[in-house]
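Coordinate inspection notes
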Amino acid sequence: MRHAILADIHGNLVAFEAVLQHIKRQGGVDELWCLGDIVGYGPQPRECIQLLREYDHISIAGNHDLAAIDKIDISDFNPNAAAACLWTADQLDAESVTYLDNLPMTLRRSDFTLVHGSPRQPVWEYLLSESSARCSLAHFQTKFCLVGHSHIPLCFVCFADGSCSLRELRPELGLAADDYRLIINPGSVGQPRDGDPRASYVVHDAETGVLYHYRVPYDIATVQQRMVENGLPLHLALRLIYGQ
Ligand code: ZN
């Protein structure tokens, strides 16, 4: 079995399609695992939900998914995110709203726990430091935990003594060792923030026990044009080029 692990698509259909094409060129996967924030920021939220639903997949809810259907307050969003959220809410049809409304906050699949932010606070916490990784360990039971939300591909290796060490997410990561647990962020499909504007995602091969991290270029200018045409905040369009 092979699974593609995708996070933070954020209404960026062009990036999502580029990733799906890339997956196809690698021989395809059995299932997509989506870590939330399917919508928000980008210009094609409804289309991203529709496309995801064409595939065998599982997904959890991200903060932008919940905000777009008014399940959480946007008062904690910055002004650009809040403006994009209100615009996104207007684009969703009843079917998309029902789909987002039914997404769980966490999911478990074999050795993996899937959350958007962190296992401690699935919706809001940014898991970026070794101390927050350490605190997270008590909040999931599986060997591996998959997180999104920060839009930064990374990996925490956590040892039996409770210590965790932040590592770069390399192109290939073996999962076979018995003596540690891992927290893995595949990076963002639709709005990377690690300085690399290419879409970021991971494929898990259950047979070989290897995670493959990929970066995929896509037509950023087309997405920016669609954002401007729809009156989305200019800053959100500009940041795509810098991957910030
Ligand atoms: Zn996000």
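Please refer to the structure higher up on the page.
Attention in this report is confined to the structure presented alongside it. Quick caveat: nothing in here was measured; it's all calculated off a predicted structure.

1. Brief notes about the overall build of the protein chain
A tally of helices and strands in the protein chain yields eight helices and 12 strands. In terms of overall dimensions, the protein chain is globule-like: its C-alpha atoms have a radius of gyration of 17 Å, near the 18 Å expected for 244 residues. A buried classification covers 58% of the 244 residues belonging to the protein chain. Per element, the accessible surface of the protein chain, about 10300 Å² overall, is 49% carbon and sulfur. Side chains of the protein chain give 19 positive and 30 negative charges; the mean places of these two sets differ by 4 Å.

2. What about the coordination of the zinc ion?
Protein-derived coordination of the zinc ion comes from Asp8 (OD), His10 (NE2), Asp37 (OD) and His151 (NE2), at a distance range of 2.1 to 2.3 Å. The coordination sphere of the zinc ion comprises four donor atoms, whose angles at the metal cover 88 to 179°; the geometry is irregular. Counting residues between consecutive donors of the zinc ion along the chain gives the motif D-x1-H-x26-D-x113-H. Placement of His10 in the loop between strand E1 (2-6) and helix H1 (13-25) and of Asp37 in the loop between strand E2 (31-34) and helix H2 (45-53) is noted, with a sequence separation of 27 residues between them. His10 sits in the buried class, given a relative accessible area of 1%.

3. Digging into the nonpolar core
Counting 53 residues, the largest nonpolar core has Phe16, Ile38, Leu100, Tyr201 and Tyr218 as the members making the most contacts within it. The biggest single contributor to this core is H1, with eight residues. Residue contacts for Ile38: discarding those within four places in its chain leaves Ile9, His10, Gly11, Cys48, Ile49, Leu52, Ser59, Asp65, Tyr99, Leu100 and Leu103. One finds Ile5, Ile58, Leu114 and Leu175 within the second-largest nonpolar core, a separate group that totals 20 residues.

4. Describing the sheet that holds E1
In spatial order, the strands read E3-E2-E1-E11-E12-E9; together these six strands make up an open sheet with mixed pairing. Every interior strand has two partners, whereas the edge strands, strand E3 (57-59) and strand E9 (172-174), have only one. Shown here is a sheet whose adjacent strand axes are inclined to one another by a mean of 20°, direction ignored. As paired strands, E2 and E3 are joined by three bridges and run parallel to one another. Paired with Cys34 across the two strands is Ser59, which belongs to E3. Contacts from H1 reach E1, E2, strand E11 (199-205) and strand E12 (210-216) within the one sheet, and its direction differs from that of E11 by about 35°.

5. Comments concerning the side chain of His64
Along the polypeptide, His64 turns up in helix H3 (residues 63-68). In this structure His64 comes out as buried when scored by relative accessible area, which is 5%. A polar contact is formed between the side chain of His64 and the side chain of Tyr41, at a distance of 3.5 Å. Beyond its immediate chain neighbours, meaning those up to four positions away, His64 contacts His10, Asp37, Val39, Gly40, Tyr41, Phe77 and Ala81.

6. Focus on the packing of H1 against H2
One way to put it is that H1 packs onto H2 with a least axis distance of 9 Å and a crossing angle of 20°. Taken together, the axes of H1 and H2 are roughly parallel relative to one another. For the pair formed by H1 and H2, the contact residues are Leu13, Phe16, Glu17 and Leu20 on the first element and Glu47, Cys48, Leu51 and Leu52 on the second. A per-class count over the contact of H1 with H2 returns six nonpolar, no polar and two charged.

7. What about the environment of Ala206?
Along the chain, the position of Ala206 falls in the loop between E11 and E12. Sequence separation between Ala206 and Leu175 is 31 residues, and the spatial gap between their C-alpha atoms is 9.4 Å. Discounting chain neighbours no more than four positions away, the residues touching Ala206 are Met1 and His3.

8. Re the state of the cysteines
Under the definition given, this model contains one disulfide. At a sulfur-sulfur separation of 2.4 Å, the disulfide partner of Cys158 is Cys164. Taking the torsion about the sulfur-sulfur bond, which here is approximately 110°, the covalent link between Cys158 and Cys164 counts as right-handed. Look at Cys164 and you get buried, because its relative accessible area is 6%. For Cys34, which is in no disulfide, the shortest distance to another cysteine sulfur is to Cys48 and amounts to 9.7 Å. Left unpaired, Cys145 is separated from the closest cysteine sulfur, that of Cys158, by 9.5 Å. Of the residues examined, Cys145 reaches a relative accessible area of 0% and is grouped as buried.

Rules used throughout
- Residues numbered from 1 in each chain as written.
- Predicted model: local features only at pLDDT ≥ 70, side-chain atom pairs only at ≥ 80, totals over all residues.
- Heavy atoms only, no water.
- Helix = DSSP H or I, 4+ residues; strand = E, 2+ residues; numbered from the N terminus.
- Rg over C-alpha atoms; globule rule 2.2 N^0.38 Å.
- Buried < 20%, exposed > 50% of the residue type's maximum accessible area, 1.4 Å probe, protein only.
- Areas by Shrake-Rupley, 256 points an atom, 1.4 Å probe, with all protein chains shown as cover.
- Lys, Arg positive; Asp, Glu negative; His and termini not counted.
- Charge placed at Lys NZ, Arg CZ, Asp CG, Glu CD.
- Donors = N, O, S within 2.8 Å, 3.2 Å for Na, K, Ca; no water.
- Tetrahedral: all angles 85-135°; square planar, octahedral: opposite > 155°, others 65-115°.
- Core = buried A, V, L, I, M, F, W, Y, C linked by side-chain atoms within 4.5 Å.
- Contact = heavy atoms within 4.5 Å.
- Pairing = 2+ DSSP bridges.
- Axes fitted to C-alpha atoms, helices over the stretch in contact; angles between N-to-C directions.
- Polar contact = N/O pair within 3.5 Å; in protein donor to acceptor, adjacent residues only side chain to side chain.
- Parallel < 35°, antiparallel > 145°, perpendicular 65-115°, else oblique.
- Nonpolar A, V, L, I, M, F, W, Y, C, P; charged D, E, K, R; others polar.
- Disulfide = S-S within 2.5 Å.

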